[in-house]
Amino acid sequence: MSQQWISNFLEAQAAEAGASRNTQEAYGRDLLDFLAFVEKRGDSFETATEETVEGYLIQCTDQGFALATRARRLSSIKQLYRFAFEEGLRTDNPAIQIKGPGKAKKLPKTLSIEDVDRLLDAARQTGRTKLDKLRNTCLMEVLYATGLRVTELVSLPASAVRGDPRMILVRGKGDKERMVPLSPDAREAVQVWLSVRDDEKTWESSAFLFPSRGKLGHVTRVWFYNQIKTFALTAGIDATQVTPHTLRHAFATHLLAGGADLRSIQTLLGHADVATTEIYTHVLDERLKQLVLENHPLAET
């Protein structure tokens, strides 16, 4: 079961956060080493405690691992348990209180409003058939309008958007529900897509808004991850900087820049803790700092 946790976590990192193969391999090595320590103590990921994690970090120190290596291993463990908590695999996070060696916090990658517009235009043009283009348009419009996680997006039930609603009910991580609004453009894209989707006999009995012939019954997050890379290339944007999660960050950052408060953004994103949402204030601070450096008359002196 613990091995399966690692596989599921790595898949989510690849699909939602755009983790490269090298990053996935690094996570995998770190977590397999931690798993060996856990199992040696007769424990498992499901039952490991804060003391277990601390014991592993002490072992890493005793083995002479560099500060950066220990920081990375703790980060891998923290991310695994955050994933497990959000997926409902555990009701607690045994690593959440553990402080490791200091390391600079990376700000999430985001996009300008102009870049998002170019991606939306690219989605409208991408696809072998008119059906493909309408589906791609709908996926991107809904993603940017709602800030959904990629898994929430690809598995969205068709029933959630029937009747042209202004708000849709989303079932997120940990089986928690929240309401998110649909913009006029997203509502239009949804209704156009629904009209052609319902005419396809292959999909008429599907419960999903974005059905597929695959075993899940809907398009996969890996498939959409690859699609969004294609949109970026078509739009002339560096594809390494664009993932489904980047659009989620753009949604939050643009709302904050437009005057939305953190609590509202927290609710829309489905964050359990507002501290997670606060990262977007740092993104905005960096953008404002850059704005001053590029445009202030004294910046050139």
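Residues numbered from 1 in each chain as written. Predicted model: local features only at pLDDT ≥ 70, side-chain atom pairs only at ≥ 80, totals over all residues. Heavy atoms only, no water.

Undergrad: What is the right way to read the overall build of the protein chain from this model?
TA: The number of helices and strands found in the protein chain is 13 helices and 2 strands. Against the globule reference of 19 Å for 301 residues, the protein chain gives a C-alpha radius of gyration of 21 Å, in line with a compact fold. Overall, the protein chain is about 60 × 60 × 35 Å in size when its C-alpha atoms are taken along their principal axes. A total of 301 residues make up the protein chain; the buried ones form 45% of that total. Nonlocal contacts in the protein chain, meaning residues at least 24 apart in sequence, comprise 60% of its contacts between residues at least 6 apart. Element-wise, carbon and sulfur atoms account for 52% of the exposed surface of the protein chain, whose accessible area totals about 16000 Å². (Helix = DSSP H or I, 4+ residues; strand = E, 2+ residues; numbered from the N terminus. Rg over C-alpha atoms; globule rule 2.2 N^0.38 Å. Buried < 20%, exposed > 50% of the residue type's maximum accessible area, 1.4 Å probe, protein only. Contact = heavy atoms within 4.5 Å. Areas by Shrake-Rupley, 256 points an atom, 1.4 Å probe, with all protein chains shown as cover.)

Undergrad: Before we go on, may I ask you to explain a nonpolar patch on the surface in this structure?
TA: Taken together, the side chains of Met167, Leu169 and Met179 make up a nonpolar region of the molecular surface, amounting to roughly 260 Å² of accessible area. Within the secondary structure layout, methionine 179 lies in strand β2 (residues 177-181). According to the relative accessible area criterion, methionine 179 is partly exposed, its value standing at 41%. (Patch = residues over 30% accessible without salt bridge, like charges linked within 9 Å, V, L, I, M, F, W, Y side chains within 5 Å. Salt bridge = Lys/Arg side-chain N within 4 Å of Asp/Glu carboxyl O.)

Undergrad: Can you help me understand the environment of isoleucine 113 in this one?
TA: Along the polypeptide, isoleucine 113 turns up in helix α5 (residues 113-125). The sequence separation of isoleucine 113 and threonine 243 amounts to 130 residues, and the corresponding C-alpha distance is 15 Å. Not counting residues up to four positions away in its chain, the partners in contact with isoleucine 113 are Tyr144 and His254.

Undergrad: Explanation requested: the layout of surface pockets in the structure shown.
TA: Its boundaries defined by the atoms lining it, the second largest pocket holds a volume of some 300 Å³. Glu152, Ser155, Val170, Arg171 and Gly172 are, among the 18 residues lining the second largest pocket, the residues nearest its centre. Broken down by secondary-structure element, the contributors of at least two residues to the lining of the second largest pocket are α7 (150-154) and β1 (167-171). Looking at which element gives the most residues to the lining of the second largest pocket, the answer is β1, with 3 residues. Of the residues assigned to the lining of the second largest pocket, the class counts are 5 nonpolar, 4 polar and 9 charged. (1 Å grid on protein atoms, 1.4 Å probe; cavity = no way out; pocket = protein on both sides within 12 Å on 5 of 7 lines; lining within 4 Å. Points joined across faces, edges and corners; volume = space filled by probe spheres on them. Nonpolar A, V, L, I, M, F, W, Y, C, P; charged D, E, K, R; others polar.)

Undergrad: I tried to follow the pattern of salt bridges on my own but got confused; where do I start?
TA: Pairing between side chains becomes possible if they bear opposite charge and their charged atoms approach one another. Inspection of every chain in the model, using the stated rule, returns 15 salt bridges. For the salt bridge of aspartate 30 with arginine 72, the shortest nitrogen-to-oxygen distance reads 2.8 Å. In this pair, aspartate 30 sits in helix α2 (residues 21-40) while arginine 72 sits in helix α4 (residues 67-86), placing the two residues 42 residues apart along the sequence. Overall, arginine 72 belongs to the partly exposed group, its relative accessible area being 32%. For glutamate 152, the salt bridge is made with arginine 149, and the minimal N-O distance between the two is 2.7 Å. Per residue, the accessibility class of glutamate 152 equals that of arginine 149, and both read buried. Several salt bridges converge on common partners, so that one network encompasses Asp30, Asp33, Arg72 and Arg73.

Undergrad: Help me understand the packing of helix α6 (residues 130-146) against helix α10 (residues 244-257), please; the structure alone is not making it clear to me.
TA: Angle between the axes and distance between the axes: these two values describe a pair of packed helices. Relative orientation of the contacting elements α6 and α10 amounts to 45°, with a least axis distance of 7 Å. Relative to α10, α6 is oriented oblique. Residues Met140, Leu143, Tyr144, Ala145 and Thr146 of α6 pack against Pro244, Leu247, Ala250, Phe251 and His254 of α10. (Axes fitted to C-alpha atoms, helices over the stretch in contact; angles between N-to-C directions. Parallel < 35°, antiparallel > 145°, perpendicular 65-115°, else oblique.)

Undergrad: What is the right way to read the packing of aromatic side chains from this model?
TA: Here a ring pair, both rings aromatic, is described through the centre-centre distance and the interplanar angle of the planes. Taken as a whole and assessed by the stated rule, the structure comprises 10 aromatic pairs. A centroid spacing of 5.6 Å and a plane angle of 20° characterise the contact between phenylalanine 34 and phenylalanine 45, whose relative ring orientation is stacked. Of this pair, phenylalanine 34 sits in helix α2 while phenylalanine 45 is found in the loop between α2 and α3 (50-62), placing the two residues 11 residues apart along the sequence. No difference in accessibility class separates phenylalanine 34 from phenylalanine 45, as the two residues are buried. (Phe/Tyr/Trp six-rings, centres within 6.5 Å; stacked < 30°, edge-to-face > 60°.)

Undergrad: Before we go on, may I ask you to explain the environment of leucine 268 in this structure?
TA: Examined against the element boundaries, leucine 268 turns out to sit in helix α11 (residues 262-269). What makes leucine 268 buried here is its relative accessible area of 16%. Taking the C-alpha atoms as reference points, leucine 268 and aspartate 198, separated by 70 residues in sequence, lie 29 Å from one another. When near neighbours in sequence (up to four residues on either side) are disregarded, leucine 268 contacts Thr146, Arg178, Met179, Val180, Pro181, Phe251 and Leu255.

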